[in-house]
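Notes for the structure review
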Amino acid sequence: MKKYNKTICFYFEVHQPYRLSKCNVFEVGNKSDYFEGPPDYENKKIFEKVAKKCYLPTNALMLELLSKHPEFRVSYSLSGVFLEQCLEFGEIGKQVLDSFKAIFKTGQAEILSETYYHSLSWLFSKEEFAQQIRKHDELVCKLFRKKPTIFRNTELIYNNEIAEFIREMGFKGILAEGWDYYLDWRSPNFLYRPHPVDLHPEDRRIAKEYRVRRTLPKDFKLLLKNYKLSDDVAFRFSNRGWSEWPLTMDKYAAWLDSAGGNTINLFMDYETFGEHQWEDTGIFDFLRHLPEEVMKRNIGFKTPSETIKAYEPVGKVDIPHLMSWADMERDLSAWRSNELQESALQRVFDIEHKLKANADHVDDELMHNWRKLQTSDHFYYMCTKYWNDGDVHAYFSPFESPYDAFITYMNTLADFEQKVEELIARSLMDSTYGAIEQLRIRLKNVGYEANLILNS
Amino acid sequence: MKILMFGWEFPPINSGGLGVACHGIVEGLIGNGQHVFLVLPKVTPEMQMFDSGVFKLLDAHESGGSLKAVDVPSGLYSPYATMESYRQFLEKMEKEGAEHLYGGNLFDEVYRYAAQASAYAKQVPHDVIHTHDWLTAEAGIQAKRISDKPHVMHVHATEFDRSGEYPNQHVYDMERRGMEHADRVIAVSERTKQMLMKHYGVPEWKIDVVHNAVKPNSSTYHKAHHLNDSDKIVLFLGRMTMQKGPDYFLKMAKKVLEKRKRVKFVMAGDGDMMQQVVRMAVELGIERNVLFAGFLKGDEVARAYSAADLYVMPSVSEPFGIAPLEAIQNGVPVLISKQSGISEVIRNALRVDFWDIDEMANKVISVLDHPALHSTLKSKSAEEVERMSWKEQAKHIIGSYGKALTSE
């Protein structure tokens with residue numbers, strides 16, 4: 001096998017939320033179709049659009065590249081709600097899913113673990129977080145016969161504590177943003193170890209309970225995104241105002257060549273290909289030539305698992321505060337920077353206890369709907385940070401404004417809460433009647449003809 | 001630059017937004033080092049307080065200009081009446097004949113003003129003539145004949161905004177004549193610009209969109225005296241005319257009250273739809289929850305805002321709509337119709353189609369139910385309005401003057 005100077009680690013996020021149908025206060029109490037999506041942004045329509053522009057052509061190209069270059073490697077995270085949409089949306093969904101299956105079948109692609117619902121559950125409930133990871137890994141196993149060993153949290157939300165929890169769950173590594181603020185002079189192009197922290201005993205118990213394997217791997221490593229080289233492709237590729245435009249493969253390969261370190265971690269949204277950067281920008285041609293151009297310069301490819309096997313960590317990175325890969329701030333402000341988001345998040349996670357305390361009566365669908373309401377995108381649409389400038393949050397939102405997003409969300413949640421209350425009340429009633437009926441039978445058995453009247 | 005401006009109303013005497021806007025524009029222009037001569041139909045002593053070295057208020061009647069005979073128009077028309085009252089008026093005219101109303105005729109006033117005011121073009125040094133709406137456009141046309149300086153016509157509202165589908169032909173003709181004669185036309189919103197192109201055939205290159213701003217708030221009222229502490233207050237403040245959609249406000253109130261009982265709907269303002277609106281409240285059976293506050297002046301306006309939890313402007317057609325900005329300045333979140341120019345300017349507002357009663361009620365209830373929504377709207381919109389200023393907007397007006405001067 002050829003010896004490379006360094007390797008590229010590609011990771012693509014693949015996700016589609018279940019956008020909420022419009023819901024006004026008059027529908028609360030009899031809303032049934034929460035997740036069709038608002039008018040003109042029906043989830044099915046968006047899925048089809050993105051499938052045609054991105055998933056299908058990019059997957060076809062990936063398959064071509066993987067078979068042409070046996071040394072080419074990629075990795076993906078496919079959110080549970082994305083996979084469900086594949087299963088739900090007919091022929092085109094099946095095509096998308098099949099093309100991903102084909103990619104993983106090559107053995108040159110790795111699938112990563114995440115929370116099934118692309119949620120912010122870590123911030124509110126460790127148990128919920130662990131349950132969603134388990135649920136996600138089960139679906140991945142069912143669909144792809146793979147067992148993920150590397151974890152990436154929603155939008156790369158990360159801190160020391162998350163790393164420790166994930167390590168305790170039995171994963172071998174985790175992905176995070178390579179943000180200068182924490183790295184300082186250090187390069188993201190090496191492996192690191194997370195700064196060790198003590199988990200709350202209760203949190204550690206939960207992590208152990210939901211372990212993905214019996215024995216813990218002896219090492220746990222951190223892969224950091226090279227955000228400059230990643231964003232050159234993901235955000236700047238077609239920006240004519242950028243001094244480096246147009247980005248030719250040759251130029252980009254030269255940049256990769258001149259970057260120091262072992263591994264260049266290029267993490268990006270999969271929709272970079274064909275959706276954020278349209279086909280006419282030349283993004284597909286760029287990708288098509290990438291493997292050979294890069295390998296010409298003696299740069300290879302590795303999946304995250306291969307990367308952590310191949311290299312040793314060069315040090316520890318201490319990230320005490322929550323960090324993500326979103327926006328300029330790289331913090332949680334995309335989802336948690338105003339009162340709308342805060343009150344919506346509080347309210348949805350407040351339901352957890354009620355649902356789980358009545359687990360016997362709560363059906364799967366109710367639980368599933370509650371979790372779909374946790375998807376981070378709902379809160380992203382409520383962000384007012386750049387609203388005045390009409391920035392990316394507005395671009396990616398199916399709602400007219402953050403206020404419309406909030407109103408629809410809260411009305412839907414109100415309807416959901418009502419359904420939970422009704423269900424619990426009904427099952428309480430059922431079990432009470434059941435108990436009385438049993439009593440009547442037992443009395444009859446011992447010779448009493450009981451005429452029990454229930455006074456409510 | 002010296003500007004000869006023809007205005008129709010000015011604080012403290014004003015019946016609508018035109019006077020307020022005119023005042024802001026004048027201040028903005030002066031703030032940018034311009035000299036303004038404003039000619040008004042009548043200058044009262046209270047207005048004189050604004051008079052300064054760079055700003056002169058001139059009374060049309062004192063121009064010394066002779067009254068030229070102009071054709072006697074055939075209808076009386078209040079600029080802000082509804083089509084209903086206009087039709088009633090026409091019927092009355094047919095019965096009684098036009099002579100009875102001679103003298104009370106708005107068109108007469110407009111022509112008399114034009115003849116007298118334009119005489120200032122001879123006496124006052126100026127570089128540009130600035131007129132507001134059809135009321136003073138004629139004065140601009142005549143002034144330009146005298147001084148041959150470029151004429152910039154500022155359109156705050158069109159006949160289509162005021163009367164819906166039945167525009168008064170005479171008003172329309174005067175508007176159109178003004179726009180055709182003007183060297184540049186300033187529209188108060190993109191929405192108005194589209195109307196000018198569609199209904200008046202004004203070429204796009206001739207129009208500049210300059211949004212209105214709002215003067216810094218001087219009110220010291222804070223939310224204090226609720227009618228009842230637990231009752232929420234939803235406010236309508238504007239003329240009771242078809243254009244402002246008070247009937248849609250009531251329909252929304254009815255819908256809200258089906259879901260939330262402890263809400264009071266305050267309707268402040270007067271107008272020819274007043275009777276109809278009161279009757280409608282009774283017919284809808286919500287009169288207990290609807291309070292009519294009448295026409296509010298000065299401090300009363302600030303007090304009304306300070307008591308409100310939400311301001312609603314359900315306008316059917318609103319070229320701009322400055323009231324929501326005042327509401328925001330007074331710490332009230334706003335819900336505005338998409339059929340308003342203001343919705344081009346304020347992003348941190350709730351927006352609905354004026355006819356979409358369910359959605360309007362939905363949004364009203366949401367604000368009343370969720371303190372987070374109320375406070376976010378309130379603080380974010382206040383930040384937005386703070387950044388607006390007449391001084392900034394006046395720069396765009398001066399830009400328009402520049403274009404008028406170079407196209408000469």
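Residue indices follow the written sequence of each chain, beginning from 1 at its first position. Here every chain gets a letter starting at A, and every ligand a number starting at 1, in the order they are written. For this predicted model, a pLDDT threshold of at least 70 governs which residues receive local features, and a threshold of 80 or more governs which side-chain atom pairs are given and counted, while totals over whole chains, interfaces and linings are taken from all residues.

1. Thoughts on the overall build of chain B
Put simply, DSSP marks the helices as runs of H or I at least four residues long and the strands as runs of E at least two long, and each gets a number from the N terminus on. When helices and strands are counted, chain B shows 15 helices and 13 strands. Residue burial in chain B is summarised as follows: out of 408 residues, 52% are buried. Any residue pair is listed as a contact if its two C-beta atoms, each placed from the backbone, are within 7 Å. When contacts within chain B are restricted to residue pairs at least 6 apart in sequence, those whose partners lie at least 24 apart make up 71%. Neighbour counting defines burial: a residue surrounded by 20 or more other C-beta atoms within 10 Å of its own C-beta is buried, one with 12 or fewer is exposed, and intermediate counts give partly exposed, using backbone-placed C-beta atoms.

2. A look at the overall build of chain A
The number of helices and strands found in chain A is 16 helices and ten strands. Only C-alpha atoms enter the radius of gyration; for comparison, a globular chain is expected to reach 2.2 Å times N to the power 0.38, where N is the number of residues. By the compact-globule yardstick of 23 Å for 456 residues, chain A fits well, its C-alpha radius of gyration being 24 Å. Seen along its three principal axes, the alpha-carbon backbone of chain A occupies a region of about 90 × 50 × 40 Å. By residue count, 45% of the 456 residues in chain A fall in the buried class. When contacts within chain A are restricted to residue pairs at least 6 apart in sequence, those whose partners lie at least 24 apart make up 78%.

3. Thoughts on the sheet that holds strand S5 (residues 151-155) of chain B
All names here are of chain B. A pair of strands is treated as paired once DSSP finds two or more bridges between them. An order of S3-S2-S1-S4-S5-S6-S7 is seen for the seven strands of this open sheet, with the pairing classed as parallel. Because the sheet does not close on itself, it has two edges, and the strands there are strand S3 (55-59) and strand S7 (207-209). The sheet shows a mean angle of 20° between the axes of neighbouring strands, direction not considered. Of the pairings in the sheet, the one linking strand S2 (residues 35-40) to S3 comprises five bridges and is parallel in character. The residue of S3 that forms the bridge with Leu-38 is Leu-57. Contacting strand S4 (128-132), S5, strand S6 (184-187) and S7, helix H15 (residues 390-406) runs over the sheet at an angle of about 160° to S6. Here an angle of 0 to 180 degrees is reported between the N-to-C directions of two axes, which are lines fitted to C-alpha atoms, with helices fitted over the stretch in contact.

4. What to know about the interface of chain B and chain A
On the chain A side, the residues contacting the 19 residues of chain B number 15 residues. For the side of chain B that touches chain A, the secondary structure elements donating two or more residues are strand S13 (350-352), helix H13 (357-369) and helix H14 (371-386) of chain B. Residue contributions to the side of chain B that touches chain A peak at seven residues, all from H14 of chain B. The residue classification treats Ala, Val, Leu, Ile, Met, Phe, Trp, Tyr, Cys and Pro as nonpolar and Asp, Glu, Lys and Arg as charged. All others, Gly included, are polar. For the side of chain B that touches chain A, the class distribution of residues is five nonpolar, six polar and eight charged.

5. Topic: the packing of helix H9 (residues 246-259) of chain B against H13 of chain B
Residues and elements named next belong to chain B. The interhelical angle for the contact between H9 and H13, taken along N-to-C directions, is 60°, at an axis separation of 9 Å. Between H9 and H13, the angle falls in the class oblique. The hand of the H9/H13 crossing is right-handed. On H13, the residues that touch Tyr-248, Lys-251, Met-252, Lys-255, Val-256 and Lys-259 of H9 are Ile-357, Asp-358, Met-360, Ala-361, Val-364 and Ile-365. Roughly parallel here means an angle under 35 degrees, roughly antiparallel means over 145, roughly perpendicular means 65 to 115, and every remaining angle is called oblique. Left-handed describes a crossing whose near helix is turned anticlockwise from the far helix through less than a right angle; right-handed describes the clockwise counterpart.

6. What to know about the sheet that holds strand S5 (residues 173-177) of chain A
Residues and elements named next belong to chain A. Taken in spatial order, the three strands of this open sheet run S4-S5-S7, and their pairing is parallel. Two strands close off the open sheet at either side, each with one partner strand: strand S4 (150-151) and strand S7 (221-225). For S4 and S5, the ladder comprises two bridges, and the chain directions are parallel. Its bridge partner being in S5, Phe-151 is matched across the sheet by Ile-174.

7. Examining the nonpolar core
Any nonpolar core is a set of buried residues, restricted to Ala, Val, Leu, Ile, Met, Phe, Trp, Tyr and Cys, that join up through C-beta atoms within 7 Å. Grouped together as the largest cluster of nonpolar side chains are 232 residues, with contacts concentrated most on Leu-235 and Val-364 of chain B. The dominant element in this core, judged by the number of residues it contributes, is helix H16 (residues 402-445) of chain A, at eight residues. Leu-235 of chain B has contacts with Val-266, Ala-268, Ala-304, Ala-308, Leu-310, Tyr-311 and Val-312 of chain B, leaving out every residue within four places of it along the chain.

8. Considerations on the pairing of strand S8 (residues 263-269) of chain A
All names here are of chain A. The buried fraction of S8 is high, at six of seven residues. Where strand S1 (residues 6-14) lies against S8, seven bridges are found, and the strand directions are parallel. Residue Ile-8 lies in a different strand from S8, and its bridge partner there is Ile-264.

9. Considerations on the domain arrangement of chain B
How large an interface is tends to be reported as the accessible area lost when its parts come together. Residue and element names in this part refer to chain B. Partitioning chain B into domains gives domain 1 (2-213 + 389-406) and domain 2 (232-386). With 22 residues of domain 1 in contact, the opposing surface of domain 2 contributes 14 residues. Looking at the side of domain 1 that touches domain 2, the elements with two or more residues in it are helix H1 (17-31), helix H2 (83-96), helix H6 (159-163) and helix H8 (190-200). When its residues are assigned to classes, the side of domain 1 that touches domain 2 shows seven nonpolar, eleven polar and four charged. Delimitation of the domains relies on an automatic or database domain assignment.

10. Some remarks on unusual backbone geometry
All names here are of chain A. Following Trp-245, the chain continues to Pro-246 via a peptide bond in cis, the omega torsion being -5°. Within the secondary structure layout, Pro-246 lies in the loop between helix H8 (227-234) and helix H9 (249-258). For Asn-298, which is not glycine, the phi dihedral falls at a positive 65°.

11. Looking at the packing of helix H5 (residues 133-147) of chain B against helix H7 (residues 169-181) of chain B
Residue and element names in this part refer to chain B. With their axes 9 Å apart at the nearest point, H5 and H7 run at an angle of 45° to one another. Judged by the inter-axis angle, H5 sits oblique to H7. Of the two elements, H5 crosses H7, and the hand of that crossing is left-handed. Residues Trp-134, Ala-137, Glu-138, Gly-140 and Ile-141 of H5 touch H7, and the partners they reach there are Val-171, Met-174, Glu-175, Gly-178 and His-181.

12. Things to note about the domain arrangement of chain A
All names here are of chain A. Taken as a whole, chain A is organised into domain 1 (6-317) and domain 2 (340-431). The distance between the C-alpha centroids of domain 1 and domain 2 comes to 25 Å. With 29 residues of domain 1 at the contact, the number on the domain 2 side is 21 residues. Across the side of domain 1 that touches domain 2, the residue classes tally to 14 nonpolar, nine polar and six charged.

13. Concerning H8 of chain B
All names here are of chain B. Within the span of H8, buried status applies to Arg-191, Thr-192, Lys-193, Met-195 and Leu-196. Residues of H8 that are buried make contact with S5, H6, H7, S6 and S7. Taken from the residues just after H8, Gly-201 is the one with a positive phi, measuring 65°.

14. Some remarks on the pairing of strand S12 (residues 334-337) of chain B
Residues and elements named next belong to chain B. By the alternation rule, side chains of S12 split into Val-334 and Ile-336 and Leu-335 and Ser-337, which are all buried. Inspection of the sheet shows strand S11 (residues 310-313) paired to S12 by three bridges, in the parallel sense. Each residue of the ladder has a partner; that of Val-312, found in S12, is Leu-335. Orienting the strands away from the viewer, one traces the path from the first strand over the helix to the second; a clockwise path indicates a right-handed crossover. Between the parallel pair S11 and S12, the chain is carried across by helix H12 (residues 323-329), and the sense of this crossover is right-handed. Of the strand pairs in this sheet, S12 and S13 are connected by three bridges, and their pairing is parallel. In the strand pairing of S13, Leu-335 is matched with Leu-350.

15. So, the environment of Tyr-270 of chain A
Residue and element names in this part refer to chain A. Within the secondary structure, Tyr-270 sits in the loop between S8 and helix H10 (283-296). Taking the C-alpha atoms as reference, Tyr-270 lies 8.9 Å from Ala-234; in sequence the two are 36 residues apart. What Tyr-270 contacts, discounting residues up to four positions off in sequence, is Phe-12, Glu-13, Val-14, Cys-54 and Thr-58.

16. A closer look at the environment of Leu-120 of chain A
Residue and element names in this part refer to chain A. Tracing the sequence through the fold places Leu-120 in the loop between strand S3 (109-111) and helix H4 (126-144). Sequence-wise, Leu-120 and Lys-316 are 196 residues apart; in three dimensions their C-alpha atoms are separated by 26 Å. Setting aside its immediate chain neighbours within four residues, Leu-120 contacts Thr-154, Trp-335, Leu-345, Gln-374, Ser-376 and Phe-379.

17. Let's talk about the confidence of the model for chain B
Residue and element names in this part refer to chain B. With 86% of its residues at a pLDDT of 70 or more, chain B shows a mean pLDDT of 86. A low-confidence stretch, residues 66-83 (pLDDT under 50), is modelled with 41 contacts involving residues beyond four sequence positions or located in other chains. pLDDT under 50 marks residues 96-103. Its contacts with residues more than four places away, or in other chains, come to four contacts. Residue-level confidence of the predictor is what pLDDT reports, using numbers from 0 through 100.

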